[in-house]
Every structure is written in C-alpha cells, then in structure tokens.
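Residue strings, one per chain:
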Amino acid sequence: MPFNGEKQCVGEDQPSDSDSSRFSESMASLSDYECSRQSFTSDSSSKSSSPASTSPPRVVTFDEVMAAARNLSNMTLAHEIAVNENFQLKQDALPENSLASRVKHIVHRAFWDVLESELNAEPPEYEHAIKLFEEIREILLSFLTPGGNRLRNQICEVLDTDLIRQQAEHSAVDIQGLANYVISTMGKLCAPVRDDDIKELKATSNIVEVLRQIFHVLDLMKMDMVNFTIRSLRPHLQRQLVDYERTKFQEILEETPSALDQTTEWIKESVNEELLSLSETALTPGAENSSKPSLSPTLVLNNSYLKLLQWDYQKKELPETLMTDGARLQELTEKLNQLKIIACLSLITNNMVGALTEGLPELANRLKRISAVLLEGMNKETFNLKEVLNSIGVQTCVEVNKALVERGLSTLNAEVQANLIGQFSSIEEEDNPIWSLIDKRIQLYMKSLLCLPSPQKCMPPMPGGLAVIQQELEELGSQFANIVNLNKQVYGPFYANILRKLLFSEEAMGKADASSSD
C-alpha cells in the first residue's frame, strides 16, 4: 500500500536541522564580497548574466522562447514544491452552472444511461462494461510499486479482458463479482482518507452506480498518489534546489539574454540611492577631509530586497530572479501594511489615553483584534481605508469608555473622542508623521534582520512603538529572511556580476570626474 506507510516515509525523509537551515542561514553567494575586493572582482559568475553587453541584440527563435518557457515552468514548480510545505495538486472543478459544467454533466449522464440500458438488455451487452474494467485494471496497476509483483499478477489474472469476453459470450460473466474485487483492491491501495469512500462503494447495490463511483474514487486516488509523491520528493528537492534553480536559470539566460533586465534595474536603483546618500554625507560639515567611502555590495543588495516590502505588485514588474516568490512576497507586503496601521493606531491610542488605560493589557489586545478584523481585505481596490479607520476610531472610543466605566472613571469627553477619531482617519494621508515613524522603524528592524546570519536563532531587538505587533512582525520577518537568503544562495553569482558592472562603472566615472576637475 503506497499510502499506509506515508507518515513514516515522509518522516524518514525530512531534512535535518542543518539541511533545513541552509535556506535561512547561508549567505555564501554574497557574504564573501565584503572581505575581499579581489574575490568580488573575479570573473567567476555566470557567463551570460552581464547587464552591460556591447554586442548587438541576438534574434531569439520561437524554439528558444519555448525552451526558456519550459525551463521557467519546471523551475517554478520545483521551487514551489520545495519552499511551500502546503503545496498540493487539486482536481479542477468547473464553475457550477457554467456551460462546460452542464455539457460535462449531460455527456456523462448519457454515457452511464447507455451502459445501464446495455446491461439490462436481453441478452445483456457487456462490451462497454468490459472496456471499463480494462481501464480500471490499468489505473490499479499504475498505483503499484515496482516490487508489487504478486498483486500485479493477481489484478491481471482477475481482470483479464480476453477471459471476461469469453465468459460474456457464454453468459457466465459476473460483473458484480468483478466490481467487488476492484473495490477490495482499491481498499488495499488507497490512502486512509479514502476509507469512507470505499465503505460507500461496498454499500451501493446498483452496478452502474458502483462503476461510476469507482471511477470517481480512482480519480481521487490518483490525486492522492501525486501529492504523496510530491511530499516524498520535497526533502530531496530541498537539498538540490539551489543548484537546480541556478542551472535552470542559466539555461533561460542563454536562451533569452534579456532575462536579467528587470533585475539589473532593480539593483541599479539601490546603487543610485546609496551613491546619493554617500554624496550627501560627504557634503556635511566636517566630512571634507574624510576618505571617500565605497559602496558595500551586500548593503546595496539588502536595500534592494527591502524595496520589495513596498512594491506595487499590481503595476510594477518584479525582478526576474524573484518571479518564483512573487505571490509570497505580495502576501507578506499586504500583511505588513496591515501591521503598520495597527501599530500606528496603537501608538496614537497610547499617546492620547494611555495614562487612563494603563494596566489594562486585555484592552490593548481587544483593540488590536478589532483593528485586524476591520482591516481585512485592505489591499483590495474597493476597500475604503478612510471609512474603516473612522469606524475603528469610533469602536476604540466605545471600548475605552467601557473600560473606564468598569474602573469607576469618567468617560472620554467629546473633544478627546473627536481628536482620536480624526488622528486615526489621518493615517492614510500622505506624509503622515505617525505612519512615517512606524514605517522607518519597521524598515530598520527588517534591515537588521537581513544582516543576521541566522534570524530564527537570534532575532534583532524590536524598535519602540512596535511591541503591539512584535509576535506577528517577528514571524513575518523570519519568513521574509528565509525567502531572501534562499534567493541569495540561488542567484548570488548573477547578482555579483551585475553589482560588479554597476559598482565599477560608478567608480570609473568618479575617477574620471576627479581627473577632469584637476
């Protein structure tokens, strides 16, 4: 039985702590660039990843495009299986009452109606039923492992269609007996989750309905087998993922040389921002005689990753090297935006009525839960944030007043309530100081997190004002760091080549400017 030992099999294949931590702990692709100028300037990165090639663009054929698409599809699937523990395949369900659904229902009903009329005829016509048992036999055989020879021989012997046809010619075929054997064999091969389906099959008396349900359960068993195989392969895929993805992306790059254009622009934007920051620092009083600082490749790349937490995923294309994690990054960004607002609301509440509600942790938790519920779906276009913030302000006043009454204190006056609601509503305004403060502190926390070699074992200190979202922010930050560190492992050589071109070209330009000024 492929599924009976599922838990044991999967448990034995789970990666060890050292294996699973590879994705979050290793930054080998870029960490060494800080230590040695020579190692960073070497020509060891992948050959086709240069962002500044001077050769004319090459014409890409249709076959090359299709080959690149296949490589991307395989790489995306492998990545999803390895990093998403909940990944599984599901049967496609046609929309209810859709044309396709109605056509499928009519065709299937007509098929089974014809089969029923043939079996009820005098004499019965068994040819269609025999073809069904032939198909059932092939499906059952596909479930067997290479060592299941005994059961394989038994299935082939019992469901021998030539023999069944001979029996049908002499009116000696036992269709119900064959169906019972199939159901019994399915019970041996199926996953425990299908035991109830097998019981229902055994309780069904109508032979046509039995055959119809047999195919339905077999379809479910095929999907179970696929998902079982995926779970079994996941530990092996995780151990090989870095090399596999890097190799596949190199093949894509060889087929489509422009496959790093968006990635180059993404990193270039961070390089320009860092250069601007350094130039502003050089202009500050007392900095004239200091030596000219150089850009850190790791710092530039980390700042590029931080931009992904403020990315407009609806309007802006992701870098090619992050396409496989696009959905996860978008989900993290949406969660982070919600946490930012909750932190802003908590900070405003503490500043205005914190002295009155001090010592009431349950109130803070209740206000947090109310805010989280009302902010669900805030990233949808139809979501009216200002209206929701106003509602949260009103509900906060109600909860605070209730807590004050329970303590025997007077409720908030109308002016304080109006001020509180107004400050809540103003959070969505551009350049709101509370929002800017919370955003800077979260960026600082995330930046510190990316600098740690092992975020799971040692989290950076939480900046002030973020205590209300500390647990959620640490969890989100850990997930983000895992994505980033795995991405660095896979695409480090490509990033190194891009950074080398960009940083050296900037240094060359700086030297040229200095010589011209002399």
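Residues numbered from 1 in each chain as written. Predicted model: local features only at pLDDT ≥ 70, side-chain atom pairs only at ≥ 80, totals over all residues. Heavy atoms only, no water.

Labelled according to an unreviewed UniProt entry, the chain appears under the name T-complex protein 11-like protein 2, originating from Vulpes vulpes. In its Sequence similarities (unreviewed entry) section, the UniProt entry covering the chain states "Belongs to the TCP11 family." (UniProt positions renumbered as here; feature names shortened; annotations may be inferred.)

Asks: How should I be thinking about the overall build of the chain in this particular structure?
Replies: When helices and strands are counted, the chain shows 21 helices and zero strands. Contacts in the chain between residues at least 24 apart in sequence constitute 78% of all its contacts with a sequence separation of at least 6. (Helix = DSSP H or I, 4+ residues; strand = E, 2+ residues; numbered from the N terminus. Contact = heavy atoms within 4.5 Å.)

Asks: Help me understand the nonpolar core, please; the structure alone is not making it clear to me.
Replies: As a rule of thumb, soluble globular proteins bury nonpolar side chains together. Residues W266, I267, Y305, L308, M446, L473 and F480 are the most contacted members of the largest nonpolar core, which totals 69 residues. Put simply, the parts of the chain that give this core at least two residues each are α13 (207-255), α14 (261-282), α15 (297-307), α16 (326-357), α18 (385-406), α19 (414-425), α20 (433-451) and α21 (470-517). In terms of residues, this core owes the most to one element, α21, which gives 15 residues. Beyond its immediate chain neighbours, meaning those up to four positions away, W266 contacts L301, S304, Y305, L308, W311, P319, T321, L322 and Y495. (Core = buried A, V, L, I, M, F, W, Y, C linked by side-chain atoms within 4.5 Å. Buried < 20%, exposed > 50% of the residue type's maximum accessible area, 1.4 Å probe, protein only.)

Asks: Would you take a moment to explain the pattern of salt bridges for this structure?
Replies: As a working rule, side chains carrying opposite charge can pair if their charged atoms are close by. Taken as a whole, this structure holds 17 salt bridges when the rule is applied. One salt bridge in this structure joins R328 and D325, with 3.0 Å as the shortest N-O distance. By relative accessible area, D325 is classed as buried at 3%. Linking R366 and E399 is a salt bridge whose minimum nitrogen-to-oxygen distance equals 2.7 Å. Here R366, found in helix α17 (residues 361-374), pairs with E399, found in helix α18; they are 33 residues apart in sequence, far enough to count as distant. Since its relative accessible area comes to 24%, R366 is described here as partly exposed. Using a relative accessible area of 7% as the deciding quantity, one classes E399 as buried. Each of the salt bridges in this network shares a partner with another, and the network as a whole consists of E269, E273, K307 and K316. (Salt bridge = Lys/Arg side-chain N within 4 Å of Asp/Glu carboxyl O.)

Asks: Help me out: how do you make sense of the confidence of the model for the chain in this one?
Replies: For the chain, the mean per-residue pLDDT works out to 80, and 79% of the residues sit at or above 70. A low-confidence stretch, residues 511-518 stays under pLDDT 50, and its non-local contacts, those more than four residues away or across chains, total zero contacts. (pLDDT = per-residue confidence, 0-100.)

Asks: Help me understand the packing of α16 against α17, please; the structure alone is not making it clear to me.
Replies: Helix-helix packing is described using two parameters, namely the angle between the two axes and the distance between the axes. It is the contact of α16 with α17, at a shortest axis distance of 10 Å, that shows an interaxial angle of 145°. Here α16 and α17 pass one another in a crossing that is right-handed. On α17, the residues that touch Q338, I342, L345, T349 and T357 of α16 are L363, L367, K368, S371 and A372. (Axes fitted to C-alpha atoms, helices over the stretch in contact; angles between N-to-C directions. Left-handed = near helix turned anticlockwise from the far one by under 90°.)

Asks: What is the right way to read α20 from this model?
Replies: In an α-helix, one turn spans 3.6 residues; hence positions three or four apart end up facing the same way. A rise of 1.5 Å per residue sets the reference length of α20, with its 19 residues, at 27 Å; its end C-alpha atoms lie 27 Å apart and thus fit the reference within 8%. Among the residues of α20, I434, I438, D439, I442, Q443, Y445, M446, L449 and L450 are the ones counted as buried. Projected down its long axis, α20 shows its buried positions confined to an angular sector of 160°, all on one face. What points out from α20, more than 90 degrees from its buried face, is the exposed set P433, K440, L444 and C451. The distance from a side-chain oxygen at the start of α20 to the backbone nitrogen of I434 is 3.0 Å, and the residue carrying that oxygen is N432. (Expected span 1.5 Å × (residues − 1). Arc of directions from axis to C-beta. Polar contact = N/O pair within 3.5 Å; in protein donor to acceptor, adjacent residues only side chain to side chain.)

Asks: Hey, could you run me through the packing of aromatic side chains in this one?
Replies: Aromatic rings considered in pairs are described by the distance between their centres and by the relative angle of their planes. In this structure the tally under the stated criterion is nine aromatic pairs. Ring plane angle 50° and centroid distance 6.4 Å describe the contact between Y491 and Y495, whose orientation is recorded as tilted. Here Y491 pairs with Y495, and both are found in helix α21, just four residues apart, close to one helical turn. Looking at K316, its charged tip hangs above the ring of W311, at a distance of 4.3 Å from the centre. (Phe/Tyr/Trp six-rings, centres within 6.5 Å; stacked < 30°, edge-to-face > 60°. Lys NZ or Arg CZ within 6 Å of the ring centre and 35° of its normal.)

Asks: Help me understand α18, please; the structure alone is not making it clear to me.
Replies: An ideal rise of 1.5 Å per residue puts 32 Å on 22 residues; α18 measures up with 31 Å between its terminal C-alpha atoms. Regarding α18, the residues found buried are V388, L389, I392, G393, T396, C397, E399, V400, N401, A403 and L404. Buried positions along α18 lie against α16, α17 and α19. Capping of α18 at its N-terminal end is provided by N384; its side-chain oxygen lies 3.4 Å from the backbone amide nitrogen of K386. Of the residues one or two after α18, G408 is the one with positive phi, at around 80°.

Asks: Where do I start with the packing of α17 against α18 in this structure?
Replies: Relative to each other, α17 and α18 sit at 160°, their axes nearing to 10 Å. Relative to α18, the element α17 lies roughly antiparallel. Between α17 and α18 the crossing geometry is right-handed. Along the contact surface, α17 presents L363, R366, L367, I370, S371 and L374, while α18 presents V388, I392, Q395, T396, E399, V400 and A403. By residue class, the composition of the contact of α17 with α18 is eight nonpolar, three polar and two charged. (Parallel < 35°, antiparallel > 145°, perpendicular 65-115°, else oblique. Nonpolar A, V, L, I, M, F, W, Y, C, P; charged D, E, K, R; others polar.)

Asks: Even after reading the chapter, I still don't get unusual backbone geometry, so can you show me in this structure?
Replies: Note the cis peptide between E122 and P123, where omega equals -5°. Following the sequence through the fold, P123 ends up in the loop between α7 (99-119) and α8 (127-142). A positive phi is found at S171, a non-glycine position, where the angle reads about 55°. Position of S171 among the secondary structure elements: in the loop between α10 (161-169) and α11 (175-189).

Asks: Would you mind showing me how to read the environment of T76 here?
Replies: Take T76: it is sitting in helix α6 (residues 62-83). On the accessibility criterion, T76 (31% relative accessible area) is partly exposed. In this structure the C-alpha to C-alpha distance between T76 and T324, which are 248 residues apart in sequence, comes to 5.4 Å.

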